[in-house]
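# Close look at the chain arrangement
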Amino acid sequence: MAGLEGDPDLQFLLVGGELIKIRSRAWKKNRFFKLQEDSKTLWFESHKIFRRKHTFSIDDIDSVRMGRQSEGLNKHTQSSVEDQCFCIIFKGRKKNLDLMAANGEEAKQWVNGLDKIMSNMLNLSRQQKSEHWIINCMRKADKNEDNKMDLKELKHFLRQVNIEVDDTYAAEIFKKCDKSNSGTLEGSEIKHFYDLLTDREEIDVIYGNYARTEGQMSSRDLLNFLLTEQREEVSMEDAVKLIEKHEVDETAKQKKRMSKDGFLMYMHHEEGSILNPAHKPVYQDMHQPLNHYYISSSHNTYLVADQLKGPSSTEAYIKALMKSCRCVELDCWDGANGEPVIYHGYTLTSKVLFRDVIKAIKDFAFKTSDYPVILSLENHCTVDQQKLMAHYLISILADALVTKPLGNTMPTNFPSPEELKGKFLLEGKRLNKLDAALNNNSVVEEDTVSEDDEAADCKENGEKAKSKKSKIKLDKELSNMVIYCKSVHFNGFEHAKEMQAFYEMSSFKESKAFNLAQTSATPYIHHNMDRLSRIYPAGSRTDSSNFNPVPMWNVGCQIVALNFQTPCKEMHINQGRFLPNGACGYILKPEFQRSLPSQFDPSTLSKGPWLKKKTFNVMVISAQQLPKIYKDKQNSIVDPLVRVEIYGVPADNASKETHYIDNNGFNPMWNEKFTFDIHVPELAMLRFVVEDYDSMSHNDLIGQYCLPLTSVQNGYRHVPLLTKRGDVISSAGLFVNLMLIDAP
């Protein structure tokens, strides 16, 4: 594998070895695991009579965890074997693979080896990934493994790469490449066939228009392209740097020129991507008060599936936190043996121990983002079990839990995400005002408070509904841990303005929030300039479906909680919203949602700093290597179309789509142009959707990608594609031309 030749951990994996696969305390079986020669596939053999062999792609792995860091390993193994255990976490809904090696050293080698391969694959350019994919498909098509390809195998290969070619055309390509007239393609003939197949006609045209120096691009030609087509603010120095970085031909590089291959490498790199590379790391001001940010937030985080009978799991928290979710929900109830549990009350969802959830949160909260995590507590427990909850929060989270205001004086505003790095904030009920946290005069051990709004809604939708809202007894120690996020009932914007402290926040059911956003948008925006608002899905969404978060962001709501476990358009938009700024889970709201004089209303769009009319031109040019939807069906080829969607203020919402192309998922070409009128670009989200057209039923999703319009680069750009669950499809992509300009 390029970059890992001779690596001892890679060699160890290629030799393979015995591991114990663990499913329960009783089910622990020996399995032989081995990395295949392609360094992209893991093979394992079971010891049954029929000796079944299984493989899975390294591409399917989300992460590898050392130690007993999965629910299964925690439950079914002893702490004495901690260093022998590791777990393979897959993308999507495939079950974890819990494994145990003979000793700690071997476990470490497995984890290190897999991590190195995954990291290596991640760092490949799109061009290299594309080559890997094609070579893999060639291997599969070479049925008799003689490293030659006859016409039948060539047709099989074309189906593998998702392109339907009629027999005449297939025979024509074959004949053109079979220079030796041997009836098979081998060696340089296969290379010729590969070059014919991967030729990018659209890029050839662009390159040809600017390669004015002996058939190549000089640094001056490249600069001309960057200024004219890509609309980038660059200098000659930048053009030379790009040549040094991407040019593959040493002679061209010495002459400060870019060959066609170098140009293709540049186009496939992040500089040629739709996402502005300057927006990839944390680039926003992180020193503003916490309520000045949109915060990536999850609802019923403990659920893996639906809200009625699905399983609850610590794994659901880990997955949400690893996606940089910064607000998770804990629905707490009295459990057996005095141990508080988390589950969806009044339903058949399974239960998970509160203690285990807090441990998982502690271990994974800051793996992908250093910024604070809010623990949204929905408390249904008796005082005795609340005392235990308080004990676990303190003993497990320790100093990372904020238990008093920062500084020694009574705050008048939120601290910033920067000040709260690596910290946990508790959101829940509090018995008294925050100033009591600074003078320890309070002698109340426990008292009653109103049940919070979501808990009441949960009961209303539950089987045992009695009264809509009741009182619960609250333990003093648990109450005192609530500092910046005290949960209070919303009694109107005027009441909040006069009576609510900045740290007192309300949770709104989606119907209530949408109604307020439509009827009182400007007061809602002003309310969110001083306080936090949390929006949660209606209890009637028993299938864990989601509402559209955009109208909530439009009125400045920060904690828009979605069901992370449900792959859907709304989650794609959420993933796109939090894609820039280091994907850290915090996005700074536009100035007009933070500045008190603002009279912004998303529906009326009166004149103001938010109104920046733009014309957005999108040309959908082509796609590359779209995956087959039905991989098992030999003859199934996709008929792709592309839809371009804008989500933002009502005046900006729009959707336009291309025609579909028959039987070509490998290199379909549309060359269709769309124009969108944009009024408030700072709130607009752009989403590309690629679907397989079906005249008889719903189109199937092939891939999608979403990002804020303000993070889009102009010019010729490649768009990566993600699965429905939000994982990258490594070799697939769109090629587009984009131009966001001031409206006339």
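Residues numbered from 1 in each chain as written. Predicted model: local features only at pLDDT ≥ 70, side-chain atom pairs only at ≥ 80, totals over all residues. Heavy atoms only, no water.

A count of helices and strands for the protein gives 22 helices and 30 strands. Against the globule reference of 27 Å for 744 residues, the protein gives a C-alpha radius of gyration of 28 Å, in line with a compact fold. Expressed as lengths along the three principal axes of its C-alpha atoms, the size of the protein is roughly 95 × 75 × 55 Å. Buried positions account for 57% of the 744 residues belonging to the protein. Taking the 95 positively charged and 102 negatively charged side chains of the protein as two groups, their mean positions are separated by 3 Å. (Helix = DSSP H or I, 4+ residues; strand = E, 2+ residues; numbered from the N terminus. Rg over C-alpha atoms; globule rule 2.2 N^0.38 Å. Buried < 20%, exposed > 50% of the residue type's maximum accessible area, 1.4 Å probe, protein only. Lys, Arg positive; Asp, Glu negative; His and termini not counted. Charge placed at Lys NZ, Arg CZ, Asp CG, Glu CD.)

A few words now on the UniProt feature "binding site: Ca(2+) 3" (unreviewed entry) in the protein. In this numbering, the UniProt entry assigns the feature "binding site: Ca(2+) 3" (unreviewed entry) to N300, E329, D331 and E378. With the annotated positions falling across 79 residues, the maximum pairwise C-alpha distance of 9.9 Å places them together in a single cluster. As for its position among the elements, N300 is in the loop between strand 10 (293–298) and helix 13 (314–322). Within the local environment of N300, its side chain forms a polar contact with the side chain of H299, the two groups lying 3.4 Å apart. In this fold, E378 is placed in strand 14 (residues 373–379). (UniProt positions renumbered as here; feature names shortened; annotations may be inferred. Polar contact = N/O pair within 3.5 Å; in protein donor to acceptor, adjacent residues only side chain to side chain.)

So, about the nonpolar core. Of all hydrophobic cores here, the largest spans 72 residues; its most connected members are L330, F354, I361, L375 and L393. One finds L275, V620, W670 and F674 within the second-largest nonpolar core, a separate group that totals 33 residues. (Core = buried A, V, L, I, M, F, W, Y, C linked by side-chain atoms within 4.5 Å.)

What follows concerns the side chain of N546. Here N546 is to be found in the loop between strand 20 (533–536) and helix 21 (550–554). At 2.7 Å, the side chain of N546 and the backbone nitrogen of N563 are in polar contact. N546 has contacts with P537, R541, L562, N563, T566, C568, E570 and M571, leaving out every residue within four places of it along the chain. (Contact = heavy atoms within 4.5 Å.)

Now for the pattern of salt bridges. Counted under the stated rule, the structure contains 28 salt bridges. Linking R68 and E82 is a salt bridge whose minimum nitrogen-to-oxygen distance equals 3.4 Å. Here R68, found in the loop between strand 5 (61–66) and helix 2 (71–76), pairs with E82, found in the loop between helix 2 and strand 6 (85–90); they are 14 residues apart in sequence, far enough to count as distant. By relative accessible area, R68 is classed as buried at 12%. Between R643 and E691 there is a salt bridge whose closest N-O contact spans 3.0 Å. Of the two residues, R643 is situated in strand 24 (residues 640–647) and E691 in strand 27 (residues 685–692); the sequence distance between them amounts to 48 residues. (Salt bridge = Lys/Arg side-chain N within 4 Å of Asp/Glu carboxyl O.)

Glancing now at the packing of aromatic side chains. According to the stated counting rule, one finds 29 aromatic pairs in the structure shown. A ring pair is formed by F225 and F263, whose centres lie 5.2 Å apart and whose planes are at 75°; its orientation type is edge-to-face. Of the two residues, F225 sits in helix 9 (residues 219–228) while F263 sits in helix 12 (residues 260–268), which places them 38 residues apart along the sequence. For the residue pair F225 and F263, the accessibility class agrees, reading buried in each case. With a centroid separation of 6.0 Å and an interplanar angle of 20°, the aromatic rings of Y716 and F735 are classed as stacked. (Phe/Tyr/Trp six-rings, centres within 6.5 Å; stacked < 30°, edge-to-face > 60°.)

The next subject is helix 1 (residues 8–15). Residues three or four positions apart in an α-helix share a direction because the helix packs 3.6 residues into each turn. Those residues of helix 1 that fall on the buried side of the exposure criterion are D9, L10, F12, L13 and L14. At its buried positions, helix 1 is contacted by strand 2 (28–35) and helix 3 (104–122). N-capping of helix 1 is provided by D7, with a side-chain oxygen placed 3.0 Å from the backbone N of D9. At the C-terminal side of helix 1, G16 shows a positive phi close to 85°.

Moving on: the packing of helix 13 against helix 14 (residues 354–364). It is the contact of helix 13 with helix 14, at a shortest axis distance of 9 Å, that shows an interaxial angle of 25°. Taken as axis vectors, helix 13 and helix 14 run roughly parallel relative to one another. In this structure, the crossing between helix 13 and helix 14 has a hand that is right-handed. Along its contact with helix 13, which presents T314, Y317, I318, L321 and M322, the element helix 14 presents D356, V357, A360, I361 and F364. (Axes fitted to C-alpha atoms, helices over the stretch in contact; angles between N-to-C directions. Parallel < 35°, antiparallel > 145°, perpendicular 65-115°, else oblique. Left-handed = near helix turned anticlockwise from the far one by under 90°.)

Along the chain, the position of G665 falls in the loop between strand 25 (654–657) and strand 26 (669–678). On the basis of relative accessibility, which here comes to 0%, the residue G665 falls in the buried class. Sequence spacing of G665 and P549 is 116 residues, and the spatial spacing of their C-alpha atoms is 32 Å.

The next point concerns the pairing of strand 30 (residues 728–742). Summarising the sheet, strand 23 (residues 614–624) and strand 30 pair through 10 bridges and their orientation is antiparallel. Its bridge partner lying in strand 30, V620 is registered against V736. Sheet analysis places strand 29 (residues 715–722) next to strand 30, joined by 7 bridges and oriented antiparallel. Across the sheet, P720 pairs through a bridge with G733, a residue of strand 30. (Pairing = 2+ DSSP bridges.)

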